[in-house]
Amino acid sequence: MTNYHSHCSFCDGRASMEDFVKEAIRQGFTSYGISSHAPLPFPTRWTMERKDVPAYLEEIHRLKQQYDAEIEIYAGMEIDYLDAGSNPAIEYFQQLPLDYRIGSVHLLESLEDGLVDIDAPVGRFKVILPVYFGNDLKGMVQKYFDKLMAMVETGGFDILGHADKMSYNASCCDPSLLEAPWYNRLIKEYFSLVASKGIMVEINTKAYNDTGIFFPHVKYFPLLRDLHIPVLVNSDAHFPARINNGRQEALEALKANGIPAVMELHQGKWEETPIG
Ligand SMILES: [Zn+2]
Ligand SMILES: [Zn+2]
């Protein structure tokens, strides 16, 4: 049992890092990675600031040592791609002593009013679409994947975070989105680029218990298989009680779609591990 996408009180997680680790040990996880939201060039209520980073790394180091006999603890970060000046590949993030980096997009440039957090509950998303994006859902979706593809091109990270997460909100606005030929062409182009860069894709189970949806959508698991993209299952937990949510279901869905193995860190090295 593993999870490499976990928040804690250093960012917007709802418990201390140690509480997540203790819960992971209690549930029998063999390795666990902490991945708080990395600093942005401005403060937010959900990201660390650069001044917090030394304490963050120290606390991971302390827990690694304290619980060494029970679990492998790893230091990660979930790093936003904002633009050329702030993304996983910049020197600041590359020089940090991290075991791995997750690359994600949560913020999108609105038409007139700066950055907007599109990783919002669906009710809020339905307000954002007309107010900040001129009600142009297709344009907004295209912009989201353009940004993700710029992140993949720029690199500097190991795991693609919740690969198509905005599509859930977008399909609540247009239930035919996932059937649209233009959308499926876009998804193929995107994952082909991901495959060419050798980046791992997480199956993010954060919303599974509420919505039955994984990110990326299960519909694209055969594409991941055909492109030989290495995958792993992450819960993106913000609460200790949710670290295992959807994990078994995701592993079963992978197997059912012809993906027999997931990536796990063993003694600091990523290894393909058969799904038990
Ligand atoms: Zn995220
Ligand atoms: Zn996250």
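Please read all numbers here as calculations on a predicted model, not as lab measurements.

**Looking at the overall build of the chain**
Okay, step 1: A tally of regular secondary structure across the chain gives 10 helices and 11 strands.
Okay, step 2: Since a compact globule built from 276 residues should have a radius of gyration of about 19 Å, the 18 Å found for the chain is in line with a globular shape.
Okay, step 3: Counting only C-alpha atoms and orienting by the principal axes, one finds that the chain spans roughly 55 × 45 × 35 Å.
Okay, step 4: In the chain, buried positions account for 55% of the 276 residues.
Okay, step 5: At a minimum sequence separation of 6, the contacts of the chain that also span at least 24 residues come to 70%.
Okay, step 6: Summing over all exposed atoms, the chain offers an accessible surface of approximately 11800 Å²; the carbon and sulfur share of this is 50%.
Okay, step 7: In the chain, which carries 25 positive and 38 negative side-chain charges, the distance between the mean positions of the two groups comes to 3 Å.

**Observations regarding the coordination of the zinc ion (ligand 2)**
Okay, step 1: Those protein atoms acting as donors to the zinc ion (ligand 2) are His5 (NE2), His7 (NE2), Glu78 (OE) and Asp236 (OD), and they sit at 2.0 to 2.3 Å.
Okay, step 2: Considering all four donor atoms around the zinc ion (ligand 2), the spread of angles at the metal, 79 to 168°, places the coordination shape in the irregular class.
Okay, step 3: The sequence pattern describing where the donors of the zinc ion (ligand 2) fall on their chain is H-x1-H-x70-E-x157-D.

**Digging into helix H5 (residues 137-154)**
Given 3.6 residues per turn, any residue in an α-helix points the same way as the ones three and four places further on.
Okay, step 1: The end-to-end C-alpha separation of H5 is 26 Å, in line with the 26 Å expected for 18 residues at 1.5 Å each.
Okay, step 2: Within the sequence span of H5, burial applies to Leu137, Met140, Val141, Tyr144, Phe145, Lys147, Leu148, Met149, Met151 and Val152.
Okay, step 3: Just downstream of H5 lies Gly155, where phi reads positive at about 75°.

**Thoughts on the pattern of salt bridges**
Okay, step 1: What the rule picks out here adds up to 10 salt bridges.
Okay, step 2: Between Arg62 and Glu18 there is a salt bridge, and its shortest N-O distance comes to 2.8 Å. Placement of Arg62 in helix H2 (residues 53-66) and of Glu18 in helix H1 (residues 17-26) is noted, with a sequence separation of 44 residues between them.
Okay, step 3: The class of Arg62 is partly exposed, set by a relative accessible area of 34%.
Okay, step 4: Here Glu23 makes a salt bridge to Arg26, at a shortest N to O gap of 2.9 Å. Remark: Arg26 and Glu23 occur in helix H1; sequence separation between them is three residues, near one turn of the helix.
Okay, step 5: In this structure Glu23 comes out as buried when scored by relative accessible area, which is 14%.
Okay, step 6: Arg26 gets classed as exposed once you look at its relative accessible area, which sits at 62%.
Okay, step 7: If you follow the salt bridges from partner to partner, you end up with Glu18, Glu59 and Arg62 in one network.

What counts and how
Residues numbered from 1 in each chain as written. Chains lettered and ligands numbered in written order. Predicted model: local features only at pLDDT ≥ 70, side-chain atom pairs only at ≥ 80, totals over all residues. Heavy atoms only, no water. Helix = DSSP H or I, 4+ residues; strand = E, 2+ residues; numbered from the N terminus. Rg over C-alpha atoms; globule rule 2.2 N^0.38 Å. Buried < 20%, exposed > 50% of the residue type's maximum accessible area, 1.4 Å probe, protein only. Contact = heavy atoms within 4.5 Å. Areas by Shrake-Rupley, 256 points an atom, 1.4 Å probe, with all protein chains shown as cover. Lys, Arg positive; Asp, Glu negative; His and termini not counted. Charge placed at Lys NZ, Arg CZ, Asp CG, Glu CD. Donors = N, O, S within 2.8 Å, 3.2 Å for Na, K, Ca; no water. Tetrahedral: all angles 85-135°; square planar, octahedral: opposite > 155°, others 65-115°. Expected span 1.5 Å × (residues − 1). Salt bridge = Lys/Arg side-chain N within 4 Å of Asp/Glu carboxyl O.

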